[in-house]
Amino acid sequence: MSAKSSRPLTNVLKNSKSPYLLQHTDNPVHWQEWNSDTIDLAKKLDKPIFLSSGYSACHWCHVLAHESFENEAIAKIMNNSFVNIKLDREERPDIDRIYMTYLQATQGGGGWPLSVFLTPDLEPFFAGTYFPRERFRTLLLRIKELWDQDRQRCEELG
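Cut-off values and rules
Counting starts from 1 at the beginning of each chain's written sequence and moves along it residue by residue. Totals for whole chains, interfaces and linings use every residue, but because this is a predicted model, local features are given only for residues with pLDDT of at least 70 and side-chain atom pairs only at 80 or more, for both listing and counting. The basis for every side-chain value is the complete set of heavy atoms in the structure, and neither hydrogens nor water enter the calculation. Put simply, two rings from Phe, Tyr or Trp (the six-membered ring, in Trp's case) pair if the centres are within 6.5 Å, and we call them stacked under 30 degrees between planes, edge-to-face over 60, tilted for the rest. Strands here are runs of E lasting at least two residues and helices are runs of H or I lasting at least four, both read from the DSSP assignment and numbered beginning at the N terminus. Throughout, exposure labels follow a simple rule: accessible area from a 1.4 Å probe, protein chains only, divided by the maximum for the residue type, with under 20% read as buried, over 50% as exposed, and the rest as partly exposed. Two conditions define a charge sitting above a ring: the NZ of Lys or the CZ of Arg must be within 6 Å of the ring centre, and it must be within 35 degrees of the ring normal. Whether two strands pair comes down to DSSP finding at least two bridges between them. Summarising the geometry, the arc corresponds to the directions from the helix axis toward the C-beta atoms. Whenever a nitrogen or oxygen atom comes within 3.5 Å of another N or O atom, the pair is scored as a polar contact, on the condition that within protein one atom can donate a hydrogen and the other can accept it, and that pairs from neighbouring residues in sequence are kept only if both atoms are in side chains.

Identification of the protein as Spermatogenesis-associated protein 20-like TRX domain-containing protein from Papiliotrema laurentii is taken from an unreviewed UniProt entry.

Shown next, in the form of structure tokens:
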């Protein structure tokens, strides 16, 4: 559902001005843009956020998109379990910097694509970069399970 109606979520990137975000308009993932309506939606749905930040010239961003974001089975897990936000790091370096700092602090390094799981209050509780398709699928399922069964732990990690 969108924040303004009861229609199911869809991929809204076709309305973007970002060349990077426009590259993801045909993904079966119901991508949202970073804005207050999307954040409010995550709170309303009480779902964690999956934030994917990258840029047009990023090789591994394209690999992750092809392997996972174009995959119907992966997209189904993402759409059912998360509010999915696609971010152009070149348009929003302020947001990217916050979560890249978290990744570097928790994993000892960083890079793109930046893949971050957030509470609806925007607190990160797990981050990484590129994940091969099967590892990404397993990670999505594990994060969903953790959110459903031990949400307090997710919030504490944030």
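On to the packing of aromatic side chains, then. Summed over all chains, the structure comprises 13 aromatic pairs. Both rings, one in Tyr 55 and one in Trp 112, keep their centres 6.1 Å apart while their planes meet at 80°; by these two values the pair is edge-to-face. Taken together, the residues span a long stretch of sequence, with Tyr 55 in the loop between strand E1 (49-54) and helix H3 (59-69) and Trp 112 in the loop between helix H5 (93-107) and strand E3 (114-118) at a distance of 57 residues. For Tyr 55, a relative accessible area of 21% puts it in the partly exposed group. Judged by its relative accessible area of 27%, Trp 112 falls in the partly exposed class. Put simply, the rings of Trp 31, Phe 50, Phe 69, Phe 82, Phe 117, Phe 126, Phe 131 and Phe 136 touch in pairs and so form one group of aromatic residues. The aromatic ring of Trp 31 is capped on one face by Lys 86, whose charged end is 4.9 Å from the ring centroid. The ring of Tyr 55 is capped by Arg 89, whose NZ or CZ atom sits 5.2 Å from the centre of that ring.

Take the pairing of strand E4 (residues 124-128) next. Among the 5 residues in E4, 4 count as buried, and that is most of the element. One ladder, built from 4 bridges, connects E3 with E4; its direction is antiparallel. Note that in E4 the partner of Ser 115 across the bridge is Gly 128. Connecting E3 to the antiparallel partner E4 that follows it, the hairpin turn spans 5 residues, and Leu 122 within it adopts a positive phi of roughly 75°.

Those residues of helix H2 (residues 36-45) not exposed but buried are Thr 38, Ile 39, Leu 41 and Ala 42. All buried residues of H2 fall inside an arc of 155° around its axis, so they share one side. Away from its buried face, by an angle of more than 90 degrees, H2 presents the exposed residues Ser 36 and Lys 44. Structurally, the start of H2 carries an N-cap: the backbone nitrogen of Asp 37 is 3.1 Å from a side-chain oxygen of Asn 35.

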